[in-house]
Amino acid sequence: MKLTIYHNPRCSKSRQTLQLLIDRGAEPEVINYLDTPPTHAELERILQLLGLEPRELMRHKEEEYAELGLEHPRLSRSELIDAMVRHPRLIERPIIIHGRQAVIGRPPEKVLEVL
């Protein structure tokens, strides 16, 4: 079964999660999502697997969140997802997908739920 991690190598939690996967013998596909952002459809699938709404996957403390006015309740699901596609720093990390399960690796040990 395919194992994927949406990874930011500059993030300590993301590095710890990737190392935990490797230490457990996993060989995940590593997607550096800042260089290769997920598409709108991929984010829809990720949100569905996580059971989250778009704002729950967003990093609210990133400057883009305030600059783009993403806290505004009138914004649609589609508009919020489009913002994450255009500004991938907004996406919480790391995201691990294993088959039909997904989890955010915060804390890194949370990844064990999908292995």
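Everything that follows concerns the structure shown earlier in this document.
Residues take numbers from 1 onward in each chain, read along the sequence in its written order. Per-residue local features of the predicted model are confined to residues with pLDDT of at least 70, and side-chain atom pairs are confined, for both listing and counting, to 80 or more; whole-chain, interface and lining totals are unaffected and use all residues. For side-chain calculations, the full set of non-hydrogen atoms in the structure is used, while hydrogens and water are omitted.

*Asks:* Describe the sheet that holds strand S2 (residues 29-32), naming the residues involved and giving the relevant values.
*Replies:* When DSSP finds two or more bridges between two strands, those strands count as paired. Counting from the N terminus, the helices are the DSSP runs of H or I reaching at least four residues and the strands are the DSSP runs of E reaching at least two. Read from one edge of the open sheet, four strands run S2-S1-S3-S4, paired in mixed fashion. At either margin of the open sheet sits one strand with a lone partner, and together these are S2 and strand S4 (101-104). Between one strand axis and the next, the sheet turns through 15° on average, direction left out of account. One ladder, built from four bridges, connects strand S1 (residues 3-7) with S2; its direction is parallel. Its bridge partner lying in S2, Tyr-6 is registered against Ile-31. Sheet strands in contact with helix H1 (residues 12-23) are S1, S2 and strand S3 (95-98), and its direction is about 160° off that of S1. To obtain an axis, a line is fitted to C-alpha atoms, over the contacting stretch when the element is a helix, and the angle between two such axes runs from 0 to 180 degrees between their N-to-C directions. Only heavy atoms matter for contacts: two residues are in contact if any of them lie within 4.5 Å across the pair.

*Asks:* Now, about the nonpolar core: what can you tell me, with residues and values included?
*Replies:* In this structure, Ile-46, Leu-57, Met-84 and Ile-95 are the most contacted members of the largest nonpolar core, which totals 22 residues. Apart from residues lying up to four places away in sequence, Ile-95 is in contact with Thr-4, Ile-5, Tyr-6, Ile-46, Leu-50, Leu-57, Val-103 and Ile-104. In this structure, Leu-18, Leu-21, Ile-96 and Val-103 belong to the second largest nonpolar core, which totals 10 residues. Side-chain atoms within 4.5 Å are what join buried Ala, Val, Leu, Ile, Met, Phe, Trp, Tyr and Cys residues into a set we call a nonpolar core. Exposed residues in this analysis have more than 50% of their type's maximum accessible area, buried residues have under 20%, and partly exposed residues fall in between, with area computed by a 1.4 Å probe over protein chains only.

*Asks:* Please give an account of the layout of surface pockets that cites residues and values.
*Replies:* Using protein atoms alone on a 1 Å grid, points that fit a 1.4 Å probe yet trap it form a cavity, whereas open point sets bounded by protein on both sides within 12 Å along at least five of seven lines form a pocket; residues with an atom within 4 Å of a point count as lining. Grid points are joined across faces, edges and corners, and a volume is the space filled by probe spheres set on the points. Volume-wise, the largest pocket comes out at about 230 Å³. Every residue lining the largest pocket is counted, 15 residues in all, and those nearest its centre are Lys-2, Thr-4, Tyr-6, Ile-31 and Arg-45. At the level of secondary structure, the elements contributing two or more residues to the lining of the largest pocket comprise S1, S2, helix H2 (40-50) and S3. No other element matches H2, which puts three residues into the lining of the largest pocket. Residues are grouped as follows: Ala, Val, Leu, Ile, Met, Phe, Trp, Tyr, Cys and Pro are nonpolar; Asp, Glu, Lys and Arg are charged; all remaining types, including Gly, are polar. Grouping the amino acids of the lining of the largest pocket by side-chain chemistry returns seven nonpolar, four polar and four charged.

*Asks:* For the packing of H2 against helix H4 (residues 77-86), give the residues involved together with the corresponding values.
*Replies:* Contact pair H2 / H4: the axes reach a minimum separation of 9 Å and the direction vectors enclose 110°. Here H2 lies roughly perpendicular to H4, going by the angle between them. Judged by the sense of rotation from one axis to the other, the crossing of H2 with H4 is right-handed. Here His-40, Leu-43, Glu-44 and Leu-47 of H2 come into contact with H4, specifically with Arg-77, Ser-78, Ile-81, Asp-82, Met-84 and Val-85. The residue makeup of the contact of H2 with H4, split by class, is five nonpolar, two polar and three charged. For this classification, under 35 degrees means roughly parallel, over 145 means roughly antiparallel, 65 to 115 means roughly perpendicular, and everything else is oblique. By convention the crossing between two helices is left-handed if the near helix lies anticlockwise of the far one by an angle smaller than a right angle, and right-handed if it lies clockwise.

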